[in-house]
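Topology and contacts: notes
The residues making up each chain are set out below.
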Amino acid sequence: MAQLHEYECPKCGGALEFNSAIQKLKCPYCDSEYEISEFEAVDSALDQTENEQDSVDHADGADSEDSASGLVSYVCKSCGGEIVGDSTLASSACPFCGNPVVMMGQLSGSLKPDYIIPFKLDKKAAKEALKKHLEGKKLLPKVFKNENHIDEIKGLYVPFWFFDTDVYADIVFKADKTSLREDNENSYRDVAHYSLSRKGNMSFENVPVDASQAMDDALMESIEPYDFADAKKFSTAYLAGYAADKFDIESSSCLPRAKDRISLSVAGAVKNSITGYENVTLENADFEYSDTFAKYALCPVWLLNTSWNNEKFTFAMNGQTGRFVGNLPVDKGALKKYFFTVAGISALIVYLFINFFLG
Amino acid sequence: MKIFTSFLLIAALLAFVFSFSVTVFADYETDGGYEEIQIYGSESDGDYAKNEKSVKIFDLKNLLISLAVGALIGLIVVSVMKSKLKSVHRRDTASNYALSLNSVIEKSDDTYLSTDTYTTPKAKPPEQ
């Protein structure tokens, strides 16, 4: 099995790329369009066992792995150039000829994703989203906004585990009920204390957890949610023209993160269902998980990197929904200016109010 | 926080200086349709002052309260502006992925534990 695969146009031999607008493979040279299903045969080799995959890992197009640095090098079939990537790289482009290549060995056997959520938004949309993201931020340094040059825009399929699970929750809350009464001499406030026990089931579907160590977890959680209804059965054809990583965190290691989020959601939902009481506080909670199932899927992310004042800023856009996030630098001069202006004006108004209306 | 502290320090210093340096007494007795305003030092004659309504322009206590409130408002406003620059956060919950949110509870059991009573004496009407 060839380690590297390039999707070539059957008509002109050009390198095909997945076009997010038409959801098909398109040749940038002759504009021919192809359905993903037309390339299903390419993926049939991916279903072989992991052992078989290991045996061909460094055969044919793949070439060497430096175990000390964790880098793997491949030889581009089109130009013979060397493509170097880390051990999780599953799809990339040749740095010499620019042709998209898929590292088939990274996606075969147990490493084959179950699903892929294809890109719906292109690079232009990511640039527009960044422009919009920078608008209306008064404390953003003007230089950063006006002279912002993106160092890199990369369309990347990030590996995720999606968890389905049922949760049986047994939660105890403490709560109060207050009543008022009075006689001729006194007023009384009676605060009755209760222990509220609630038991019930909740089901969760497609709770995502980022399965790549290289990706910032907070960044990936910030661009959620993904609409799993658009997920397709995995095909390497979707990767053409985009970078992709294989997972390097096992589902068992990601599950606790999903459970943390799920348990907070359940406790919140149960607490919200309690009515007629005051001061409801959680006392004890037990959660039992059943029918837990993990799906391995690749999700589309546009990553934009820029640097300013020797600091690196990374922005991410959900390639399906367009949700855009990224922390921005603060203009300390503007911060001081706004603080003193607002504080000064407020102090003056408050002083006048106190002296002339309350004094 | 540095800005907040420096603002309060500057403000307190200004308040301290001004509150002791200027005191204005205004004469509200009108004569011929105009108000006469006279400024006296702190050793003003006690008898004369009886007929005046004194207005202390720089009241230290009020000034400090105003500056503290102003600084607090300023801090809140810039904090809100600063928070708009931060959009990367970890998610606490998974509510987006919950099914059957409305039929969560299968069994409820509310147990009464105890009651605390707080007594407030009523104000007695004045005796006639």
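Since this is a predicted model, take the numbers as computed values, not measurements.

**Here's the deal with the overall build of chain A**
For chain A, the count of helices and strands is seven helices and 17 strands. Expressed as a percentage of its 359 residues, the buried residues of chain A come to 50%. Counted over contacts in chain A with a minimum sequence separation of 6, partners at least 24 positions apart contribute 71%. A total accessible area of about 17100 Å² is found for chain A, and carbon and sulfur atoms account for 48% of it.

**Comments concerning the environment of Phe18 of chain A**
Residue position: Phe18 of chain A is located in strand β2 (residues 17–19). On a C-alpha basis, the gap between Phe18 of chain A and Ala240 of chain A in space is 5.4 Å, while along the polypeptide they are 222 residues apart.

**Concerning unusual backbone geometry**
Put simply, Glu224 of chain A and Pro225 of chain A share a cis peptide bond, and its omega is 0 degrees. Phi angles above zero are rare outside glycine, and Asp31 of chain A is one such case at about 65 degrees.

**Examining the sheet that holds β2 of chain A**
Two modes of strand pairing occur in sheets, parallel and antiparallel, and in both the strands are linked by backbone hydrogen bonds. Residue and element names in this part refer to chain A. As summarised here, the arrangement of the three strands in space is β2-β3-β4, forming an open sheet in which the pairing is antiparallel. Edge positions in the sheet fall to β2 and β4 (33–34), since each of these pairs with one other strand and no more. Here two bridges tie strand β3 (residues 24–26) to β4, and the two strands are oriented antiparallel to one another. Counterpart to Leu25 in the pairing with β4 is Tyr34.

**What to know about the state of the cysteines**
By the definition in use, this model includes zero disulfides over all chains. Cys9 of chain A carries a free sulfur, and the closest cysteine sulfur to it, the one in Cys30 of chain A, is 3.5 Å from it.

**A few points about the confidence of the model for chain B**
Residue and element names in this part refer to chain B. Confidence along chain B averages 71 in pLDDT terms, with 50% of residues attaining 70 or more. Per-element averaging of pLDDT across chain B places strand β2 (residues 34–38) at the bottom with 46 and strand β5 (residues 105–121) at the top with 92. Throughout residues 20–53 the model reports pLDDT below 50, and contacts reaching past four residues in sequence, or to other chains, amount to 26 contacts.

**A look at the side chain of Ser212 of chain A**
Following the sequence through the fold, Ser212 of chain A ends up in the loop between β12 (186–210) and α5 (217–222). Apart from residues lying up to four places away in sequence, Ser212 of chain A is in contact with Pro159, Asp217, Asp245, Asp248 and Ile249 of chain A.

**Looking at the pairing of strand β16 (residues 311–318) of chain A**
All names here are of chain A. Examined bridge by bridge, strand β15 (residues 278–308) and β16 share eight bridges and lie antiparallel to one another. Its bridge partner lying in β16, Ser307 is registered against Lys312. Where β16 lies against strand β17 (residues 324–325), two bridges are found, and the strand directions are antiparallel. Within β17, the position partnered with Met317 by the bridge is Phe324. With antiparallel pairing between neighbouring strands as the criterion, β16 and β17 make up a hairpin whose turn holds five residues, including Gly322 at a positive phi of roughly 85 degrees.

Cut-offs and rules
Residues numbered from 1 in each chain as written. Chains lettered and ligands numbered in written order. Predicted model: local features only at pLDDT ≥ 70, side-chain atom pairs only at ≥ 80, totals over all residues. Heavy atoms only, no water. Helix = DSSP H or I, 4+ residues; strand = E, 2+ residues; numbered from the N terminus. Buried < 20%, exposed > 50% of the residue type's maximum accessible area, 1.4 Å probe, protein only. Contact = heavy atoms within 4.5 Å. Areas by Shrake-Rupley, 256 points an atom, 1.4 Å probe, with all protein chains shown as cover. Pairing = 2+ DSSP bridges. Disulfide = S-S within 2.5 Å. pLDDT = per-residue confidence, 0-100.

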